[in-house]
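Given next are the chains, with one letter for each unit.
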Amino acid sequence: MTSLKQVLKNKLTKKELAALVTSYDVVGDIAIIEIPSILKPKEKLVAEAIMQLNKHIRVVCKKVGIHRGIYRRQKLKIITGERRKTTIHRENKVLIKLHLEKVYFSPRLSTERLRIAKQVKPKETVLVMFSGVAPYCLVIAKNASPKVVYGIEINPVAHRFAEENVKLNKLEEKIRLYLGDVRIVVPMLKKKFDRIVMPLPLGGENFLDTALSAIKKGGIIHFYDFKDVTGFEIAKEKVLKACKKARKKCKILRLVKCGQIAPRTYRICIDFKVC
Ligand code: SAM
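A quick note: this is a predicted structure, and the numbers were derived from the prediction, not measured.

Basis of the calculations
- Residues numbered from 1 in each chain as written.
- Predicted model: local features only at pLDDT ≥ 70, side-chain atom pairs only at ≥ 80, totals over all residues.
- Heavy atoms only, no water.
- Phe/Tyr/Trp six-rings, centres within 6.5 Å; stacked < 30°, edge-to-face > 60°.
- Helix = DSSP H or I, 4+ residues; strand = E, 2+ residues; numbered from the N terminus.
- Buried < 20%, exposed > 50% of the residue type's maximum accessible area, 1.4 Å probe, protein only.
- Lys NZ or Arg CZ within 6 Å of the ring centre and 35° of its normal.

A.B. asks: How would you sum up the packing of aromatic side chains? Please name residues and give values.
C.D. replies: Considering all chains together, one arrives at five aromatic pairs under this definition. Geometrically, the ring pair formed by Tyr150 and Tyr178 is stacked, given 6.3 Å between the ring centres and 15° between the ring planes. With Tyr150 in strand β8 (residues 148-153) and Tyr178 in strand β9 (residues 175-179), this pair connects stretches of sequence that are 28 residues apart. Given the relative accessible area of 6%, Tyr150 is considered buried. We classify Tyr178 as partly exposed; its relative accessible area is 29%. Taken together, a centroid distance of 5.5 Å and an interplanar angle of 75° make the contact between Tyr150 and Phe193 edge-to-face. Of this pair, Tyr150 sits in strand β8 while Phe193 sits in strand β10 (residues 193-198), and the two are 43 residues apart along the sequence. Residue Tyr150 shares its accessibility class with Phe193, and that shared class is buried. Through pairs of rings, three or more aromatic residues link up here, namely Tyr150, Tyr178 and Phe193. Directly above the aromatic system of Tyr136 lies the positively charged group of Arg113, at a separation of 5.6 Å from the ring centroid.

In structure tokens form, the structure reads like this:
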């Protein structure tokens, strides 16, 4: 298979080739690349090479900054291809429509979503806090047999895409979506859940009390965090402290690395049972 470096071999200098970031995300038919400053004058060449290598890609964007703000959005600039940032992504037997800049979405979490879905037992009632465009809700509803999956999201644009995605996948019977702050919506639902997923790795600990107030006895919570290898015990401590404060006993089942975000730093998930 021809590689990006091979395609660009005669178009970039040795120094530029060394700086080339050869891995990139693909969401639907859009590629998202990183362009180091030395390659900025040649970014169009890089983007065109990616299109040449992947015939299904229609747009190539570059990252401009990191995920920011409460909605965790990221600015992107189109370098080549069609002038759009909306696409339909396919993973784990579901279709996910989204606008890449107006909502959070990561294709890198598909394995993690399936890992959670595989744990869901028939007839469970599941809550996905911070549900975004509903990837966790969709993957769980499609690949497991829950009674209902609830999703709560504060970004109105993400919530609208989530509603569209539920229809797109014909999962209206299985998924209920709410627009709003988890802290306000969870008590309003007046429900207890068999399983709660908390995919907010930055600051998720501030919602552990809300999750603990809504979990059934014997239920399982999936708590996400970003930590370097020396910080895994600190993440476990967050869980134990919140359980102690809520006067609930818990058992940590496992700590899973579900993505690397920097050298030695990981997105982790702590699965714990509330007894
Ligand atoms: N679960 C989605 C996914 O995996 O694609 C989105 C995860 S993203 C890291 C976190 C999401 O939480 C964002 O869509 C953001 O808008 C939402 N969010 C942040 N604070 C929230 C809150 N207090 N209540 C509900 N949603 C919130």
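Further notes follow.
A.B. asks: Quick rundown of unusual backbone geometry? Include the residues and the values.
C.D. replies: The backbone of Lys123 shows a phi angle near 75°, a positive value even though the residue is not glycine. In this fold, Lys123 is placed in the loop between α4 (110-119) and β7 (125-128). The class for Lys123 is exposed, based on a relative accessible area of 67%. Despite not being glycine, Lys190 has its phi angle at roughly 50°, a positive value.

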